Amino acid sequence: MNNQEIISAVHNSMYQQIKKTGYASTEQVLMDLKYLSKEDYEKWRFGKVDYLERVCKAGLHKLNFILSQMQAYARTTHLKESFTYYKRWGRKHKEKIKLRFTKTGNEFMERRYATRYVACTQNENEK
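Caption draft 1: Fine view of the pairing of strand 3 (residues 115-118). Where strand 1 (residues 23-24) lies against strand 3, 2 bridges are found, and the strand directions are antiparallel. The residue bridging tyrosine 23 from the neighbouring strand is valine 118, located in strand 3. Sheet topology places strand 2 (residues 80-83) next to strand 3; 4 bridges connect them, and they run antiparallel. Paired with glutamate 81 across the bridge in strand 3 is tyrosine 117.

Caption draft 2: Representation of the sheet that holds strand 3 in the model. Taken in spatial order, the 3 strands line up as 1-3-2 in an open sheet, and their pairing is antiparallel. Only two strands of the sheet have a single neighbouring strand rather than two, namely strand 1 and strand 2.

Caption draft 3: Molecular detail of the packing of aromatic side chains. Per the counting criterion, the structure on display carries 7 aromatic pairs. The interplanar angle of 45° and the centroid separation of 5.9 Å between the aromatic rings of tryptophan 44 and tyrosine 86 together place this pair among those described as tilted. Of this pair, tryptophan 44 sits in helix 3 (residues 38-45) while tyrosine 86 sits in the loop between strand 2 and helix 5 (107-114); the two residues are 42 residues apart in sequence, bridging distant segments of the chain. For the pair tryptophan 44 and phenylalanine 101, a centre-to-centre distance of 4.9 Å together with 50° between the ring planes defines the contact as tilted. Here tryptophan 44 is found in helix 3, whereas its partner phenylalanine 101 is found in the loop between strand 2 and helix 5, with 57 residues between them in sequence. Note on phenylalanine 101: relative accessible area 3%, which makes it buried. Here the guanidinium or amino end of arginine 111 rests over the ring plane of phenylalanine 83, the centre of that ring lying 4.2 Å away.

Caption draft 4: Summary view of the environment of tyrosine 117. Mapped onto the secondary structure, tyrosine 117 falls in strand 3. For the pair tyrosine 117 and histidine 78, spaced 39 residues apart in sequence, the C-alpha separation works out to 9.3 Å. Those residues in contact with tyrosine 117, other than ones at most four positions away along the chain, are Met14, Ile18, Gly22, Tyr23, Ala24, Met70, Gln71, Ala74, Leu79, Lys80 and Glu81.

Conventions used here
- Residues numbered from 1 in each chain as written.
- Predicted model: local features only at pLDDT ≥ 70, side-chain atom pairs only at ≥ 80, totals over all residues.
- Heavy atoms only, no water.
- Pairing = 2+ DSSP bridges.
- Helix = DSSP H or I, 4+ residues; strand = E, 2+ residues; numbered from the N terminus.
- Phe/Tyr/Trp six-rings, centres within 6.5 Å; stacked < 30°, edge-to-face > 60°.
- Buried < 20%, exposed > 50% of the residue type's maximum accessible area, 1.4 Å probe, protein only.
- Lys NZ or Arg CZ within 6 Å of the ring centre and 35° of its normal.
- Contact = heavy atoms within 4.5 Å.

Take a look at the structure:
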């Protein structure tokens, strides 16, 4: 996929997610673009993969471009950023294990991946 196709696909994915659920997430965009399989996503959520980028079928440069396009689309469509704490699934104990998106654990990049974009209500847009 070239950059223009990625931009179009990211925008379409986010539009469809907002229409369906009221928010757009990075993992769903990556699945819609076929850079992340549902099976690999679930392996990561269950802690069988140490960080999400390991199972993405795109390089770091392309992943960063996708994150930038998500943020650009959110700005132009007035979506609200919402940090989401991703914890490991399948834990019987009350211990919450935070999942990593990147190999390095860089806090800036971790927050970018963990940000969901939420549709604002009419009242929020008027503020």
